[in-house]
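# Summary of the model geometry
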Amino acid sequence: MSRSTQLVMILSAPLALAIALWVLWPRFFPSQRDLDYVVRFDLPEVGMPVDLPRIDGPGDASRPLVVIDAGHGGFDPGAGQGDAKEKTVALRIALALRNRLLEDGGIRVALTRDADRFIALPDRPDMARRLGADLFVSIHADSADSDAARGASVYVLSEKGSSEAAERFAARENAAGRVNGVALAQTSQTVGAILLDLSQRGTQAGSTQVGELVLREMRGANLGLHRDQVQTAALAVLKAPDIPSILFETGYINNEADAQLLTSRAGQQALADAAARAIRAYFARKVGV
Ligand SMILES: [Zn+2]
């Protein structure tokens, strides 16, 4: 190698390093601006068991266990928009309900999700079953075409909805299952078989009982009810055959008065407290908490 070639190589080395840095720098240290366009989420595999959540409360496994399920989450916002999204409202009420139950003691609690993440519909009751839960409470909020609709409702599983509105509601809620490739037809076909199971084990009676207690506590706290009776609907999230299960639809997110309640800490706490009293009354009747 001639002396002049060596000189050129030595002189060009810093230049090559500078070019390499210029090319590779954004890859390792992307600016916030570059990240604005990155959207990435992992869908859980269908049929793969999801991790089981933590159980809080007394260490005594004979104490009753309630699994609280905050509806929707992650890329599935549920009803509403802007600051008043169903997934956020449901999570806040679920967390307030967990805290209230733990503060008052005697009941074990697990949450299907404690953050803004997606869980497929069939995985939610499945978690409750695998944890050996005694009660499953799914928390939601609704929206309607008219902003006049307001108040809470409580649903239990049935093959057929108790009203046309209940069937529309079920179709909306079950739609989240489609995201993960769960066929709706498949879900509704199994509901009949599940109901047979439910009636055999008395699970349906337990679901209705806890549903009526929630309505009673809501009335007692002067929180508005949309429907005064426990509603029935073919809801995929309520299909654990051996665990009493309710869907607590806490209000209409597109109604101004309801939105006020649903999005404020005080309102979320009031709804959680009513549900907590109902859950406690249900277990008191059953096992004496
Ligand atoms: Zn919902």
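Report follows, based on the coordinates. Along each chain, numbering runs from 1 in the same order as the chain's sequence is written. For a predicted model such as this one, the threshold for reporting local features is a pLDDT of at least 70, and the threshold for listing and counting side-chain atom pairs is 80 or more; totals across whole chains, interfaces and linings nevertheless cover every residue. For side-chain calculations, the full set of non-hydrogen atoms in the structure is used, while hydrogens and water are omitted.

## Some points on the pairing of strand S5 (residues 135-142)
- Of all 8 residues that make up S5, 8 are buried, and the element is covered over most of its length.
- Bridging between strand S1 (residues 65-70) and S5 involves 5 bridges; their strand directions are parallel. Note that in S5 the partner of Ala70 across the bridge is Ile139.
- Sheet topology note: the S5/strand S8 (residues 245-252) ladder contains 6 bridges and is parallel. By the bridge assignment, Val137 is partnered in S8 with Ile246. Working definition: with a 1.4 Å probe on protein chains only, accessible area under 20% of the residue-type maximum means buried, over 50% means exposed, and in between means partly exposed. Strands here mean DSSP runs of E at least two residues long; helices mean DSSP runs of H or I at least four residues long; both are numbered from the N terminus. Here, strands pair whenever DSSP counts at least two bridges between them.

## Side note on the sheet that holds S1
- On the basis of which strands lie adjacent, the open sheet formed by 6 strands has the order S4-S1-S5-S8-S6-S7 and mixed pairing. One side of each edge strand has no neighbouring strand; the edge strands of this open sheet are strand S4 (108-111) and strand S7 (231-233). Ignoring strand direction, the axes of neighbouring strands in this sheet form an average angle of 30 degrees.
- The sheet contact formed by strand S6 (residues 153-157) and S7 spans 3 bridges and is parallel. The residue of S7 that forms the bridge with Tyr155 is Gln231.
- Where helix H3 (residues 86-104) meets the sheet, it contacts S1, S4, S5 and S8, and its direction lies at approximately 160 degrees from that of S1. The convention used is that axes are lines fitted to C-alpha atoms, helices contributing only their stretch in contact, and that angles between N-to-C directions extend from 0 to 180 degrees. Whether two residues are in contact is decided by their heavy atoms: any pair within 4.5 Å suffices.

## Concerning the coordination of the zinc ion
- Metal coordination here is assigned from N, O and S atoms located within 2.8 Å of the ion, or within 3.2 Å for Na, K and Ca; omission of water means that sites may look incomplete. Protein coordination of the zinc ion is provided by His72 (NE2), Glu86 (OE), His140 (ND1), Glu173 (OE) and Glu173 (OE), with donor distances spanning 2.0 to 2.3 Å.
- Sequence positions of the residues that donate to the zinc ion give the spacing H-x13-E-x53-H-x32-E. Of the two residues, Glu86 is situated in helix H3 and Glu173 in helix H5 (residues 164-174); the sequence distance between them amounts to 87 residues.
- Glu86 gets classed as buried once you look at its relative accessible area, which sits at 2%.

## A short note on unusual backbone geometry
- The residue His72 is not glycine, and still its phi comes out positive at about 60 degrees.
- Position of His72 among the secondary structure elements: in the loop between S1 and strand S2 (80-81).
- The backbone phi angle of Asn222 is positive, close to 55 degrees, even though this residue is not glycine.
- Checked against the element boundaries, Asn222 lands in the loop between helix H7 (203-220) and S7.
- The exposed category is assigned to Asn222, whose relative accessible area is 72%.

## A short note on the nonpolar core
- The biggest cluster of nonpolar side chains holds 44 residues, and the ones touching the most others in it are Val66, Ile68, Leu97, Leu101 and Ile279.
- Mapped by element, the contributors of at least two residues to this core are S1, H3, S4, S5, S6, H7, S8 and helix H9 (265-286).
- No other element matches the 10 residues that H9 contributes to this core.
- Dropping the residues within four chain positions of it, Ile279 is found in contact with Val66, Leu97, Leu101, Ile107, Leu135 and Val137. The criterion is simple. A nonpolar core is a set of buried Ala, Val, Leu, Ile, Met, Phe, Trp, Tyr and Cys residues joined through side-chain atoms within 4.5 Å.

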